[in-house]
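Here are the chains, one letter per residue:
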Amino acid sequence: MAMENQVLTPHVYWAQRHRELYLRVELSDVQNPAISIIENVLHFKAQGHGAKGDNVYEFHLEFLDPVKPEPVYKLTQRQVNITIQKKVRNWWERLTKQEKRPLFLAPDFDRWLDESDAEMELRAKEQERLKKLRLESQGSPEVIANLRKGYLFMYNFVQFLGFSWIFVNMTVRFFILGKESFYDTFHTVADMMYFCQMLSAVETINAAIGVIKSPVIPCLIQLLGRNFILFIIFGTVEEMQTKAVVFFVFLTWSAIEIFRYPFYMLSCIDMDWKVLTWLRYTVWIPLYPLGCLAEAVSVIQSIPVFNETGRFSFTLPYPVKIKVRFSFFLQIYLIILFLGLYINFRHLYKQRRRRYGQKKKKVH
């Protein structure tokens, strides 16, 4: 009989895991494979090139324990890889029901593991699966980073729009009305300033929870200082709302922020505009002291008003019965104000030095 008409058995190599069986059939250029599992017996028949050349190769294997009747195979140029699922998760002592191993069957040492190693591999896969599920439920680090950048971009954008509106409004009114615009600044832009300063609390929260890398103390000092001036000194005393100092306080605040917030916006999208960066790290040098001076003037001007109205003053209970004027706390606040200026000025100076620090000169 001619060799090509003979039905031969190929070399088959096997390995296992707790849930799966792996078979590697040494046949190349396989055509028309017929692979099925019937009554727990694997039937294989295919045309291909094996140890006996091009021919029809065939084998049958009855498994030791029940398997699922849906084998999955993959053809490569040199072999046929078959994966079979066990019905019960356990470790087999051998592959076939018959104790004597078929001559064509041998262990696949490329994939072979003993039971303990397979158990470790299974645990590693399970941990990897749980880690993947946890990351999917929490969101991937890249997605979280993009959400953080988007959130910070929008926050800085809104603040930039708010302070820009204040600055432009005050500037235009000054050129049209001159000094007359000083005295109704509060009634013109106070609502927007209230909004921006309340929203600035988010910046301190971001620093506290680690959304941004800024230190908490300088953020908190600026938040509390500005809001004290805005809500207590200006907001509760109508006599202060028509004073020219309001114009200078609001102007210095907004002039600082119209450079700071767009700088942070561009940082969120990894852009660096050198002119804007230089302005962000430079304009505070004259504006912070001027702003602090304007705030101090507003506090000093409010002291007689609080003394006259008695607002926020109180009398200590019996037997002391001493009246404590709110102006006493304002005088203490003036000291705290300049202490806060020193802390913030020192923080901003360090930032600028890190950005534009002098390079060490080479010694020849």
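Going by the annotation in an unreviewed UniProt entry, the name recorded for the protein chain is Very-long-chain (3R)-3-hydroxyacyl-CoA dehydratase, with Suricata suricatta given as the source organism. Recorded under Subcellular location (unreviewed entry), the UniProt text for the protein chain is reproduced unchanged: "Endoplasmic reticulum membrane". Quoted verbatim from the Sequence similarities (unreviewed entry) field of UniProt, the annotation for the protein chain is "Belongs to the very long-chain fatty acids dehydratase HACD family."

Before going further, it helps to examine helix α4 (residues 201-209). Considered for burial, the residues of α4 that qualify are E203, T204, N206 and A207. Buried residues of α4, viewed axially, fall in a sector of 155°; they line one side. For α4, the exposed residues lying more than 90 degrees away from the buried face are A208 and I209. Contacts made by the buried residues of α4 are with α2 (141-177), α3 (185-199), α5 (216-234) and α7 (245-268). Looking at the residues trailing α4, positive phi occurs at G210, about 90°.

This part is about the nonpolar core. Generally speaking, soluble globular proteins have nonpolar side chains that are buried together. In this structure, F186, I229, I233, F234, V249, F250 and L330 are the most contacted members of the largest nonpolar core, which totals 46 residues. At the level of elements, α2, α3, α5, α7, α9 (284-309) and α10 (326-356) are the ones that each hand at least two residues to this core. With residues near it in sequence (within four places) discarded, L330 still touches F228, I233, V299, S302, I303 and F306. Grouped together as the second largest cluster of nonpolar side chains are 25 residues, L8, L21, F59 and W92 included.

Per the counting criterion, the structure on display carries ten salt bridges. Put simply, E93 and R94 hold a salt bridge, and the shortest N to O gap is 2.7 Å. We classify E93 as exposed; its relative accessible area is 67%. In this structure, the salt-bridge partner of R173 is D184, at a minimum N-O distance of 2.7 Å. Linking R173 in helix α2 with D184 in the loop between α2 and α3, this pair joins segments that are eleven residues apart in sequence. Each of the salt bridges in this network shares a partner with another, and the network as a whole consists of E203, R226, E257 and R260.

In this section: the environment of L27. Summarising the element assignment, L27 is placed in the loop between β3 (20-25) and β4 (28-38). Its relative accessible area of 0% is what places L27 among the buried residues. For the pair L27 and V12, spaced 15 residues apart in the sequence, the C-alpha separation amounts to 9.3 Å. Beyond its immediate chain neighbours, meaning those up to four positions away, L27 contacts P10, F44, G48, H49, G50, Y57, R78, Q79 and V80.

With that settled, the discussion passes to α9. Between its terminal C-alpha atoms α9 stretches 36 Å, which fits the 38 Å expected from 26 residues at 1.5 Å a residue. The largest bend along α9 measures about 30° and falls at S302, with the proline P304 one to four residues further on. Looking one or two residues beyond α9, the residue adopting positive phi is G310, at roughly 75°.

This part covers the confidence of the model for the protein chain. Here the protein chain averages 88 in pLDDT, and 95% of its residues register 70 or above. Confidence, expressed as mean pLDDT per element, reaches its minimum in the protein chain at helix α1 (residues 115-138) with 75 and its maximum at α3 with 95. Low pLDDT (under 50) marks residues 359-364, which in the prediction has zero contacts with non-local residues, meaning those over four places away or in another chain.

Moving on to the side chain of T185. Along the chain, T185 turns up in helix α3. Relative accessible area serves as the criterion here: at 2%, T185 is assigned to the buried category. Residues in contact with T185, not counting those within four places in the same chain, are M170, A190, V246, F247 and F250.

Below, the discussion takes up the pairing of strand β8 (residues 80-85). Only one face of β8 is buried: it carries V80, I82 and I84, and the other face, with N81, T83 and Q85, is open. Sheet topology note: the β3/β8 ladder contains six bridges and is antiparallel. Residue pairing in the sheet places L21 in a bridge with I84 of β8. Pairing of strand β7 (residues 72-75) with β8, which is carried by four bridges, proceeds in the antiparallel orientation. By the bridge assignment, Y73 is partnered in β8 with I82. Hairpin remark: β7 followed by β8, antiparallel, with four residues in the connecting loop.

Taken together, R346, K350, R353 and R354 make up a surface patch of like positive charges. With respect to the secondary-structure elements, R346 resides in helix α10.

Another aspect to go through is the side chain of S327. You can see S327 is positioned in helix α10. The exposure class assigned to S327 is buried, which follows from its relative accessible area of 5%.

Let us look at unusual backbone geometry. Positive phi, close to 50°, is recorded for D29, a residue that is not glycine. Secondary-structure assignment places D29 in strand β4. Of note in the backbone geometry, F312 takes a positive phi value of approximately 65° without being a glycine. Tracing the backbone through its elements, the reader meets F312 in the loop between α9 and β10 (314-315). The exposure class of F312 is partly exposed, given its relative accessible area of 41%.

Parameters at a glance
Residues numbered from 1 in each chain as written. Predicted model: local features only at pLDDT ≥ 70, side-chain atom pairs only at ≥ 80, totals over all residues. Heavy atoms only, no water. UniProt positions renumbered as here; feature names shortened; annotations may be inferred. Buried < 20%, exposed > 50% of the residue type's maximum accessible area, 1.4 Å probe, protein only. Helix = DSSP H or I, 4+ residues; strand = E, 2+ residues; numbered from the N terminus. Arc of directions from axis to C-beta. Contact = heavy atoms within 4.5 Å. Core = buried A, V, L, I, M, F, W, Y, C linked by side-chain atoms within 4.5 Å. Salt bridge = Lys/Arg side-chain N within 4 Å of Asp/Glu carboxyl O. Expected span 1.5 Å × (residues − 1). Bend = angle between axes of the 7 residues up to and from the residue. pLDDT = per-residue confidence, 0-100. Pairing = 2+ DSSP bridges. Patch = residues over 30% accessible without salt bridge, like charges linked within 9 Å, V, L, I, M, F, W, Y side chains within 5 Å. Areas by Shrake-Rupley, 256 points an atom, 1.4 Å probe, with all protein chains shown as cover. Lys, Arg positive; Asp, Glu negative; His and termini not counted. Charge placed at Lys NZ, Arg CZ, Asp CG, Glu CD.

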